[in-house]
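# Results of the structural survey
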Amino acid sequence: MQIEMSRRKFLQGTVAMSVVGGTTISATNLFASNDTHDKKLTITTKTGVAKEVKNIATLCEMCVNKCAAIARVEDGVVTKLDPNPMFPKSKNMLCPRGNAGIQALYDPDRLKYPLIRVGEKGEGKFKRVSWEEAYEAILNGTDKFPGVAKILDEEQDNRSTFLFCAGEGMAEHTFKTFFSAFGSANWLNHSSICLQTVASAYGVTLGAYPQADLDNAEYIIMAGANRAEAIVTPDTMDAFKRTKGRGAKLICIDPRFTNTAAKADKWLAINPGTDLAFVLALTYVVLTEELYDKVYVGENFNGFEEYKKSVIDNQYTPEWAEKITGIQAEDIYQIARDFMAHAPKAVYYPGRRSTFSNNDFQLRRAMAIFQGLGGGIDTKGGLIFGKRLELGVHEGLEPIYARAEARAVDSSKSQKGHSGYADCAVVTDGGSWIGWRNRFLEDRMPYKVRGMFCYKHNPMMNMPNTKKTAQMLKKMELVVAIDTMPSDTVMYADVVLPECTYLERTDPVNTFSGVEPAIAQRNKVIAPMFETKPVIDIMRGLTEKISKPLFEISKKHDEDLQDELANLGEEEIVGEDGNVTKTAATMTKEEREAEVYAEFDLTKPFKHSQEEINAHMVESVYGKEAVEALNKNGVFYPNMDKFYKALSVNEYQYYPEKEKSYSVNGGKPKTPSQKVECNLANLEKKGVDPMPIWKDEYAFSVPGGKFKLLTGRHAQFTQSGTANNIVLRDLMHENYIWINKRVAKERGIAFGDKVEVSSKTGSVTIKAYPTEKIAPNQVFFIHGFGEESEALTWAYKNGGNDNAVIEDIIEPVYGAASMHETNVEIRKV
Amino acid sequence: MARYGMALDYKNCINCKACEVACKEENGILMGADKHRIWVGVKEIEGEYPFLSIVSSSFEPSQCQHCDDAPCQEVCPTNATYYDENGVVRVNADKCILCSYCMNACPYDARYVDDRTMTVDKCNFCSDTRLARGETTTACQNTCPTKVRTFGDLDDPNSEISELLRTREHFSLKSHLGTKPKLFYLT
C-alpha cells in the first residue's frame, strides 16, 4: 500500500513508514525530529532586522572541506552563513552542515572556561578555573594528577613520554608546531583511522594522492565512495550535475544502495571487502583484450610485464571475480570495455575514506594501476595533480633534546622472516592509532608514556573499540584536552582548555591545489565568546608558563645541553711550539644560557598573532594586495581580478579554460621514476605483496545468523563533531541501523524498534530501519552518534556508537583500522 | 513588479538538505519535522536487494508552488493569504485565524503552523528577508551544492529562468488540478 503522508496526518500521529505520493512526493522526512525541544521554539534567527550588518568572509569547519562562507553578522550576532562564490574549491555552495555552523557557535553546551578535574578520571567532574590556574595545573599538577614538570623530571627529560594527538583542521598546524618544539616523537592523528591506505597507496604508485577531474570525466567508476552523502568539494558538485545521461556515466559499486547509487546510471552491489577482485578482473579484461593505451603504458609504466603476467597467470577472469564479488561477469566485461573506450577521460575514483578491509592498500594500488592503463593521469577528465600556489614560511622551532627517545614503535619481528613492525609493515608520521593504543595498554612500549595533549580530537568516538580507548585515557597520568565541546574524550581529561569555534578565530592561511588553485583564509567573524581562545593564543599562554621550567629539567638531565652551556666562547689555540693556550671566555654564563635558551624557547613560534603570521606568509610572495584580498574576500589567486566572473546566477568562472591546470607534469605520474609503479620490490622486503594479488583470506564471509557491520558518512553529520548540533539533529534525530526488510520481517523488527547490536568488542542499542537497500547478511549505521558525555544535551546517549561495536582489527601495511571486518549479532529488545 | 517563479533541475538533487537548513536559518523557521517551508521528497526504493530499480528512487525538492490560481488563497476566509505585487503567495500574520482551511486546500502540502505567530506559514521566496534587502536569489537556491534551483522573473524575457523554460523541457506538479504552479521541474 502506498500512503501519502501529509503534515496533517503527521500531526495526528499516524506516521507510517512507506511514503509515496502520486505525482508528488510529500513533505516527509522519515528520520526527522518531531519534538520541539521543550519550549525553545526559536533556535534560528530571521535575518534582516538589525541596525548594524557586517558580512565577513570566512571558511567553514563543519567538516574537513574548508568551503568558503560569508557570515552575516547583525548587531554582533551571526544570523546566517552563505556560500562565498569566490572560492574555486567550494564554488558557490554550503552544505547542510555549513549552514548549521551557527549552531556550533551558539551551542549552549560549549566549553566556556578552563576546567580542572576534581572527580575521578572519566567521571566528568570539573571545577572552573582561570587560564593561569589551568596552565599551573598542567605544569605542576594538583592533588589529583601530576604535572608535566614532575613526569618529565622522573623520566629524565625523555620528551617522548608525552603523546600528542590532533584532529584534522587548519589550526592543527599550530598545535603541531607546539609538538615539534616540545620534542616528543609520539604524534598521532586521524590518518590511520582515515585515509592512510588510500593516500599512501596512490603515493607509492602514482607519486601523489591525486584529485579527480569530475567536471570533464566522461565515465566514472565510484566504488566504495559515496559523494552524494560524504560530500567532498568540488567533486560532489561537479559529479551530480552531469550524471543521468547528461555527460558523465556514473557506475556506483557499493554494498549499500546509497544516495550516490540513486544518482548513478548503474549500481552494482558488491560483497564488502572484495573490490580488489573486481579491479583485478577489470584489469584482466583490459590486458587480455589489449584495450589499454599501449603508447602510454610503454612510456610511463614500470613493472608492467610482471604485473600483466601475474594478472593473466592468476586467471583473474570476470567469471572468477563474479564468485567473489557477487557482480556478474558480463557487467565486469562491459565496464572494462566502456572505461577504456572513454579513457583518458575516464576516472576510477580514488575516494577518501577510512580503511574498510585488510586488503585496502593493495586495492588502492590496483585502482591506481588500472587508471594508468587508460592513460588518464595528469590530464583533463582523468586524475589530476593540479597546481599549487606556494606560500611563505612561518618559522617553527625544533630543539634537539638528547634524552628524547624515538617514536614508541615496537620493532620486534612479529614472525620469522617478517621484517616489519609488530603491528604493521610501515610506520608513517600519522602512525597507527589503534596499534599505539593497544601497545600502551599491554605494556609493550619501549619506555613509559605517561601523559598526552589532545587537540580537537575525540579518540573515544573516532576509533574502534571504545572500551580500550577509555582504559588508555584512564591509564594516562596527565591528559590535557583542547576542544570546543565537552566530548566523551574531554570527560577523561585532567585539564580542559576551551578553544573558540572556527567563527571566532583567524586560522593559518592555506593553499588549495587543483585544476583551479587558490589561497584561502579563515577570518575571525566575531570575538571569542566566554573565556575561550584560539589555539595559537592557548599555545602562547601555555608555553610562556612551561618553557623555562622545562628548560631547567633539560639542563638537569641532558649532558649535551650541559656541555653546550659550559662553552662560554673560549677557544683552545695550539701554538707553533705545541703548547695549548686558551683564549678568554667571550661571554658570561648568563649570556651563554640566554643564547642556548633561545634554541629551546617554546614561546618563539607563538609570539605573533595569527593575522600577523598570515600577512607575512602571503605578502612575502604575493604582495600587500593579496593580504588585503584575503582579509576582505577570504580568497586570493593571481589574476583573480581578471579571471573571476559570474557566468550565471548560480555559476562562476575562476580561470579561463586555457589557464586551468589540468596537466602539471606532462601527463606523467609524480613518482621519482615518473612512471606508474606496478611492482615494488622494496615492499616485498617488508612482507608486503609487491604487486596487487588476491588471497583467499580476503574472501567475504559471514557466519550463519550474523551480519557484517558496515559504517559510513552522511551529508548531515560529520563524525561525532556535529552530534550535538540541534539544527542537524532536526533533520535526523539519531542514527538508525539499516537491516534488510525481509530479514527484519522474519525477526519481527519494524521501523523504529530498538535492537541490540553486539560483537566481541561490545554492544549498542539502536533503532531499526528495515530497507531493501542493504543485503540480508549485512547491517549499516552511520558513525558519530551515541556519545556518553552527559554534558552534551542532545548527543548524550542519542543513537548508537559504531566504535563501541567495531573490533580493533589492524590493517597490515600501515596499521590502519579496518572498519568493515566485524561480524555482529542483532537482537530485538 | 515582477512575476517570480522557480525552475528546478531536480535530477541534480542529492537529498543533502542544505536548502532546508538554509531556509530555516535565513527565515527563522521553527524546529520540528512538520515545521518547514521547503523539503526534499524521497521515495522508498522498489525491488528486492540486489535487484533494485534506480529510477524508482528519486529525490524531489519542493516547496510552495506559488500557484497563479492558489487554492489556499481561494479558501482563506480572512484574506490572510494574498498575492503580493510580485505574484508571490504570502501570508498576513495579523489576519490569520488559524482555521487551517488553507492546509487542507493546498494540494502540495506546502503549509504548516508556526506556533509562535499562530499563523499557517509557508515559503514566500525569502520576500521579507533576502529579496527585501535587494538580494536576487532565495536562500535555498544560493546554498545548493548541485545548483538545483534558478529563481527569477517569469515576465522578464531576458531572465535566466525565462531562458531555461524556453530551452528546456519541463513539467509542473499536479498540473491537472489547474492551479498553475510557478515552480517548474526541468527534465
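Residues numbered from 1 in each chain as written. Chains lettered and ligands numbered in written order. Predicted model: local features only at pLDDT ≥ 70, side-chain atom pairs only at ≥ 80, totals over all residues. Heavy atoms only, no water.

## Quick notes on the overall build of chain A
Along chain A, the regular secondary structure elements total 27 helices and 31 strands. A principal-axis box enclosing the C-alpha atoms of chain A has dimensions of 95 × 70 × 60 Å. Here chain A holds 829 residues, and 63% of them are scored as buried. In chain A, the proportion of contacts linking residues at least 24 apart, taken out of those at least 6 apart, comes to 73%. Counting only carbon and sulfur atoms, one obtains 49% of the accessible surface of chain A, whose full area is about 30,700 Å². Between the centroid of the 102 positive side chains of chain A and the centroid of its 111 negative side chains there is a distance of 7 Å. (Helix = DSSP H or I, 4+ residues; strand = E, 2+ residues; numbered from the N terminus. Buried < 20%, exposed > 50% of the residue type's maximum accessible area, 1.4 Å probe, protein only. Contact = heavy atoms within 4.5 Å. Areas by Shrake-Rupley, 256 points an atom, 1.4 Å probe, with all protein chains shown as cover. Lys, Arg positive; Asp, Glu negative; His and termini not counted. Charge placed at Lys NZ, Arg CZ, Asp CG, Glu CD.)

## Observations regarding the domain arrangement of chain A
It is common to give the size of an interface as the accessible area lost on bringing the parts into contact. Each assigned domain of chain A is listed with its residue range as follows: domain 1 (1-30), domain 2 (206-387 + 666-685), domain 3 (542-606) and domain 4 (701-828). One C-alpha centre belongs to domain 2 of chain A, the other to domain 3 of chain A, and the line joining them spans 57 Å. (Domains from an automatic or database assignment.)

## Topic: the interface of chain B and chain A
On the side of chain A, 83 residues touch chain B, which itself brings 69 residues to the contact. Of the roughly 6,300 Å² buried between chain B and chain A, counting both surfaces, carbon and sulfur atoms make up 55%. The largest per-residue losses of area from chain B upon contact with chain A belong to Glu25(B), Met31(B) and Tyr49(B), which jointly make up 14% of the total buried on that side. The interface formed by chain B and chain A contains 6 salt bridges. Salt-bridge contacts for Asp128(B) lead to Lys46(A); the nearest nitrogen and oxygen are separated by 2.5 Å. Taken together, chain B and chain A are joined by 28 residue pairs in polar contact (both at pLDDT 80 or more). Among the elements of the structure, helix 1 (18-27), strand 2 (38-42), strand 3 (47-48), strand 5 (59-63), helix 3 (101-105), helix 4 (139-143) and strand 10 (149-153) of chain B are those that each provide at least two residues to the side of chain B that touches chain A. If you tally residues by element for the side of chain B that touches chain A, the top one is helix 1 of chain B, at 8 residues. (Buried area = accessible area lost by both parts, 1.4 Å probe. Salt bridge = Lys/Arg side-chain N within 4 Å of Asp/Glu carboxyl O. Polar contact = N/O pair within 3.5 Å; in protein donor to acceptor, adjacent residues only side chain to side chain.)

## A few points about the environment of Arg227(A)
All names here are of chain A. Position of Arg227 among the secondary structure elements: in the loop between strand 9 (219-223) and helix 8 (235-240). The sequence separation of Arg227 and Asn259 amounts to 32 residues, and the corresponding C-alpha distance is 8.3 Å. Setting aside anything within four residues of it in sequence, one finds Arg227 in contact with Met222, Val232, Asp235, Thr236, Phe240, Thr260, Tyr349, Gly351 and Arg352. Within polar-contact distance, the side chain of Arg227 engages the side chain of Tyr349 at 2.6 Å.

## Focus: the confidence of the model for chain A
Any segment with low pLDDT has predicted coordinates that should not be analysed in fine detail. Looking at chain A as a whole, its pLDDT mean stands at 92, while 94% of the residues score no less than 70. Across residues 1-5 of chain A the pLDDT falls below 50, and counting only partners more than four positions away or on other chains, this stretch makes 19 contacts in the model. (pLDDT = per-residue confidence, 0-100.)

## Quick notes on the sheet that holds strand 11 (residues 170-171) of chain B
By definition, the strands of a sheet pair up through backbone hydrogen bonds, in either a parallel or an antiparallel sense. Residue and element names in this part refer to chain B. Read from one edge to the other, the open sheet built from 4 strands follows the order 10-1-12-11, with strand pairing classed as mixed. Edge strands, defined here as strands with exactly one partner in the open sheet, are strand 10 and strand 11. Here helix 5 (residues 160-167) sits on the sheet in contact with strand 1 (4-8), strand 10, strand 11 and strand 12 (183-186), set at roughly 110° to strand 10. (Pairing = 2+ DSSP bridges. Axes fitted to C-alpha atoms, helices over the stretch in contact; angles between N-to-C directions.)

## Notes on the sheet that holds strand 1 (residues 53-59) of chain A
Residues and elements named next belong to chain A. The strand order 1-2-3 describes an open sheet built from 3 strands, whose pairing is antiparallel. Looking along the sheet, the strands with just one partner apiece sit at the ends: strand 1 and strand 3 (77-83). Each neighbouring strand pair of the sheet contributes to a mean axis angle of 25°, computed without reference to strand direction.

## Digging into the nonpolar core
All names here are of chain A. Core analysis: the largest hydrophobic core is formed by 167 residues, its most contacted members being Ile221, Phe278, Tyr348, Phe370 and Leu373. By residue number, the principal contributor to this core is helix 10 (residues 275-288), which donates 11 residues. Three or more residues apiece are contributed to this core by two domains, here domain 2 (206-387 + 666-685) and domain 4 (701-828). Residues contacting Ile221, with those up to four places away along its chain left out, are Ile251, Ile253, Phe278, Leu282, Ile335, Phe339, Val347, Tyr348, Tyr349 and Phe370. (Core = buried A, V, L, I, M, F, W, Y, C linked by side-chain atoms within 4.5 Å.)

## Describing the packing of helix 13 (residues 318-325) of chain A against helix 14 (residues 329-342) of chain A
All names here are of chain A. Packing of helix 13 against helix 14 brings their axes to within 8 Å, and their N-to-C directions diverge by 120°. Relative to helix 14, the element helix 13 lies oblique. Note on packing geometry: the crossing formed by helix 13 with helix 14 is right-handed. Side by side, helix 13 and helix 14 meet where Pro318, Glu319, Ala321 and Glu322 of the first sit next to Ala329, Ile332 and Tyr333 of the second. By residue class, the composition of the contact of helix 13 with helix 14 is 5 nonpolar, no polar and 2 charged. (Parallel < 35°, antiparallel > 145°, perpendicular 65-115°, else oblique. Left-handed = near helix turned anticlockwise from the far one by under 90°. Nonpolar A, V, L, I, M, F, W, Y, C, P; charged D, E, K, R; others polar.)

## Section: unusual backbone geometry
Peptide bonds are mostly trans, and most non-glycine residues show a negative phi. Residue Pro344(A) follows Ala343(A) across a cis peptide bond; omega there is 10°. With respect to the element layout, Pro344(A) can be found in the loop between helix 14 and strand 13 (346-348). Here Tyr49(B) and Pro50(B) are connected by a cis peptide whose omega angle stands at -5°. Tracing the chain through its elements places Pro50(B) in the loop between strand 3 and strand 4 (51-52). The backbone phi angle of Lys797(A) is positive, close to 50°, even though this residue is not glycine. With respect to the element layout, Lys797(A) can be found in the loop between strand 30 (778-782) and strand 31 (823-828). A relative accessible area of 49% places Lys797(A) in the partly exposed class.

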